[in-house]
Each structure stands twice: as C-alpha cells, then as structure tokens.
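The chain contents come next:
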Amino acid sequence: MRTPLGRVRGYGSARSGTEHFIQQRLTAIANIPLTIVAVLIVISLIGRNHAAVAQILGSTPVAIVMLLFIISIFYHMKIGMQVIIEDYVHEERAKYLLLILNAFFAIAAGFSSIYAILKLSFGV
Amino acid sequence: MADAKGPAARPLSPHLTIYRPMLTMMMSIAHRITGAALYVGSILLAWWLLAAASGPNAYATFQSAASSSIGRIVLFGYTWALVHHMLGGLRHLIWDTGHGFGAAEREWLARANLAGSVALTIILWIVGGYLMGGLR
C-alpha cells in the first residue's frame, strides 16, 4: 500500500516486523519458566558466602539454566527497548544512535553475564 | 516520510491527555515502564554474576551494596518490576490467543495483575529475607 513517492524514498515495511513480533513472544514464553527458576536460584543464594555462591552458580544444572535465562531475557530486553525507542524517538539521528546503543548495551551486558557463568562453571 | 511536514489543521485522534485514566490504560503504561526498569536493572544482574566470578572481595562489595538500605529499596523495586512485567506478559500472551478482551475480563485481568504482583513480591521477600536467613 505504499505510494510511489514512499517507494522511491525507500521507506515503509522492512519485511521484518512479523519476525520481530514472533521473537518477542518466543522469548516471553521462554522467560516465564526460566525467570521462575532463576528467582528460586537467587533466593537460595541470598546470604551465602562467595565460595558457596560460586560453587552453586558454576554447577552444571544451575549454570545451564542461568545461561538460557540470560540469553532469553537479554534478547527480549533488546527487542523491547527497540520498540520503545521506535515509538518515542522520531528524530532520525537520535533514533539510530539510541538503537545502536541499545544493541551494544544488550550484547555487552548479556555477554558479560554469560562470561561470568562460564568462568564459574569451567573453573578460574 | 520522516522529514515531511505534518498535515496542518486536520482533526487528530485524541491522545493520552484526552482520556480519563483507566486501570487497563495505567497497567499498559506500567508494563512498559517496568520493562524499561528491568532493562536498567539488568546491570545489577550482570554485576552480581561478574562479582561472583571475580572473587570474594568483589562479591563482598556487591553484598554490602545489595544489603544497604538503598540497595534493598532498589532490589525490592526490581523484584516488583520483574513480577509485574511477568504477570503483564502473561496477560499479553492470553490476549495473543484472542481471549480476555471482554470488558469484565480485561478489568479482572488488570486487577489480578496488580494485586498478584504486589502479593508475590512481598511473598518472595518474606521467603528470601526470613526463611533463607539472607539480607540480614
């Protein structure tokens, strides 16, 4: 339904909206059981000393759940913030700058968390 | 059409300021705000995991920050945002199936979302704070 002018300018659907929607729902569904288990893990670690926390977080089942949890929430979070930016920031330069920073932050914070768990799991 | 001038003097659809605040509307806004808050809160999650991976000193720093009064307030807010956003997400997943759009249903869901998030947050903190003997 694009006008000829819109077609020439290259605006309009990037043909990736549905995929975006599906990914958000997919990660949302995954987040539910993963977050419940992650919260239970966190509660069980409250007040324990470093050695106990490091050992439990690095144990195979806990590490796997935490890795899945982190991948799912950070991806969900990146998609969600992208929607917020696209909804409210209409000035092109500011919008693209924020979209880039959003991707950088989600990847940096996500991979830092993944690195921490892998380090605990594989030993220092 | 990013640089196009908006059409002047045409009737515009009413925006937020026009509507009387309603629970369902507030819950929709709260879902987005809690999502954004969790985004910022993910720094705390990364900090916690990196502290645990870095060693006893780094972990002690995290623990003292987390158990300070400001730390507790932030973590309590983080817990509520997490629970609220998850229950709000469940509401959206129900809507995705095409159910729950009736007047009574959506009102009931909004109330359950709010009451459930407050109740679950308090329960989690009672469990975390007392039963597990943490955050003394």
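Structure shown above.
Description of the structure in this document. (Residues numbered from 1 in each chain as written. Chains lettered and ligands numbered in written order. Predicted model: local features only at pLDDT ≥ 70, side-chain atom pairs only at ≥ 80, totals over all residues.)

So, about the nonpolar core. Formed by 34 residues in total, the largest nonpolar core has its most connected members in A:Leu57, A:Met66, A:Met77, A:Leu120, B:Leu49 and B:Ala52. For this core, the secondary-structure elements that each account for two or more residues are helix 2 (17-45), helix 3 (50-58), helix 4 (60-88) and helix 5 (92-122) of chain A together with helix 1 (23-54), helix 2 (56-67) and helix 3 (69-96) of chain B. When residues in this core are grouped by element, the largest group, nine residues, is from helix 1 of chain B. Contacts of A:Leu120, omitting those with residues within four sequence positions, involve A:Ala54, A:Leu57, A:Gly58, A:Ala63, B:Ala52 and B:Ala53. (Core = buried A, V, L, I, M, F, W, Y, C linked by C-beta atoms within 7 Å. Buried ≥ 20, exposed ≤ 12 C-beta atoms within 10 Å, placed from the backbone. Helix = DSSP H or I, 4+ residues; strand = E, 2+ residues; numbered from the N terminus. Contact = placed C-beta atoms within 7 Å.)

It is worth spelling out helix 2 of chain A at this point. Note that an α-helix has 3.6 residues per turn; residues three or four places apart therefore point the same way. A rise of 1.5 Å per residue sets the reference length of helix 2 of chain A, with its 29 residues, at 42 Å; its end C-alpha atoms lie 40 Å apart and thus fit the reference within 8%. Those residues of helix 2 of chain A that sit buried are A:Thr27, A:Ala28, A:Asn31, A:Leu34 and A:Ala38. The inward-facing, buried residues of helix 2 of chain A contact helix 4 of chain A together with helix 3 of chain B. Looking one or two residues beyond helix 2 of chain A, the residue adopting positive phi is A:Gly47, at roughly 80 degrees. (Expected span 1.5 Å × (residues − 1).)

Attention shifts here to the interface of chain A and chain B. Put simply, an interface is often sized by how much accessible area is lost when its parts join up. With 29 residues of chain A in contact, the opposing surface of chain B contributes 30 residues. If you list the elements that add at least two residues to the side of chain A that touches chain B, you get helix 2, helix 3, helix 4 and helix 5 of chain A. Classifying every residue of the side of chain A that touches chain B by side-chain character gives 18 nonpolar, eight polar and three charged. (Nonpolar A, V, L, I, M, F, W, Y, C, P; charged D, E, K, R; others polar.)

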